[in-house]
Amino acid sequence: NAGVTQTPKFRILKIGQSMTLQCAQDMNHNYMYWYRQDPGMGLKLIYYSVGAGITDKGEVPNGYNVSRSTTEDFPLRLELAAPSQTSVYFCASSRQIGQPQHFGDGTRLSIL
Amino acid sequence: QQQVKQSPQSLIVQKGGIPIINCAYENTAFDYFPWYQQFPGKGPALLIAIRPDVSEKKEGRFTISFNKSAKQFSLHIMDSQPGDSATYFCAASMIGGADGLTFGKGTHLIIQP
């Protein structure tokens, strides 16, 4: 069982570049989430989706965009990379509200 | 505004000891309280979770104690082992809300042999 798969695992970007972080789940979960993890700060919610075609902002959405065209995929887009976006990004999914969230192994992103 | 406060930030315990990690929340609408375990280079993995209708839940060596009136909950690890060394996060959410989990800042736990 693959669970939640994130690609790439590591990436270095230059300031102003753009990229898409990929997230795919094979558990047929309706709910998907993007978090960022900064040292000593826990995880903060960037965007979430309750199903295909429906997305909403979390606590720290500025500088990011998402789309959800299928149940399986939930990509996160950085349009103009800034040093403040250096972080570890985690994608998660759950079957229903209040059910356990399953996390991928993260994408480690550095903006230089 | 931090809605879930976690302490301590780091903790060192001898093998066989009982590390205790504490969390306090502010939002009384929270009704789902999971604990996640994270190893270096990996994503968080659900360890155990509790809902506010019970005061304690045990799963193997892991126990959550919940005090609704104090808005606090804690994780106890019985007979701790070096393999339990990891970062632990408490979290909270509203079952009726779709907007993800609110996490504490994490506790880096080291179990010394």
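This one's a predicted model, so the numbers in the text were calculated from it and none came from an experiment. (Residues numbered from 1 in each chain as written. Chains lettered and ligands numbered in written order. Predicted model: local features only at pLDDT ≥ 70, side-chain atom pairs only at ≥ 80, totals over all residues. Heavy atoms only, no water.)

(A) Inspection of the overall build of chain A at higher detail. Of regular secondary structure, chain A possesses zero helices and 11 strands. Walking chain A from its N terminus toward its C terminus, one meets helices and strands in the order β-β-β-β-β-β-β-β-β-β-β. For chain A, the C-alpha radius of gyration of 13 Å lies close to 13 Å, the compact-globule estimate for 112 residues. Oriented by its inertia axes, the alpha-carbon framework of chain A measures out at about 35 × 25 × 25 Å. The proportion of buried residues among the 112 residues of chain A is 46%. Charge centroids of chain A, computed over 10 positive and 8 negative side chains, lie 6 Å from each other. (Helix = DSSP H or I, 4+ residues; strand = E, 2+ residues; numbered from the N terminus. Rg over C-alpha atoms; globule rule 2.2 N^0.38 Å. Buried < 20%, exposed > 50% of the residue type's maximum accessible area, 1.4 Å probe, protein only. Lys, Arg positive; Asp, Glu negative; His and termini not counted. Charge placed at Lys NZ, Arg CZ, Asp CG, Glu CD.)

(B) How the structure looks around the overall build of chain B. Helix and strand content of chain B: zero helices and 11 strands. Overall, chain B shows an N-to-C arrangement of helices and strands of β-β-β-β-β-β-β-β-β-β-β. For chain B, whose C-alpha radius of gyration is 13 Å, the value lies close to the compact-globule estimate of 13 Å for 113 residues. Dimensions along the principal axes, computed over C-alpha positions, put chain B at roughly 40 × 30 × 20 Å. Each of the 113 residues in chain B was classed as buried or not, and the buried ones make up 45%. The contacts in chain B between residues at least 6 apart in sequence include a share of 54% that link residues at least 24 apart. As displayed, chain B offers around 5,300 Å² of accessible surface, 50% of which is attributable to carbon and sulfur atoms. Counting 10 positive and 8 negative side-chain charges, chain B places the centres of these two groups 4 Å from one another. (Contact = heavy atoms within 4.5 Å. Areas by Shrake-Rupley, 256 points an atom, 1.4 Å probe, with all protein chains shown as cover.)

(C) Fine view of the state of the cysteines. Residue and element names in this part refer to chain A. By the definition in use, this model includes two disulfides over all chains. Covalently, C23 is tied to C91 through a disulfide, its sulfur atoms 1.9 Å apart. Across the S-S bond of C23 and C91 the torsion is about -70 degrees, and the bridge reads as left-handed. Taken together, the residues span a long stretch of sequence, with C23 in strand β3 (residues 19-25) and C91 in strand β9 (residues 87-94) at a distance of 68 residues. Residue class for C91 comes out buried when judged on its relative accessible area of 0%. (Disulfide = S-S within 2.5 Å.)

(D) Summary view of unusual backbone geometry. Note that the residue after A:T7, namely A:P8, is joined by a cis bond; omega there is -5 degrees. Within the secondary structure layout, A:P8 lies in the loop between β1 (4-7) and β2 (10-13). Each neighbour pair has its own omega, and for B:S7 with B:P8 the value is -5 degrees, a cis peptide bond. In this structure, B:P8 sits in the loop between β1 (4-7) and β2 (10-14). Although it is not a glycine, A:N28 adopts a positive phi angle of roughly 60 degrees. By the element assignment, A:N28 lies in the loop between β3 and β4 (31-37). Overall, the relative accessible area of 51% leaves A:N28 in the exposed class. The phi dihedral of B:D79 is positive, around 45 degrees, even though this residue is not glycine. Looking at the element boundaries, B:D79 is found in the loop between β8 (72-77) and β9 (86-92).

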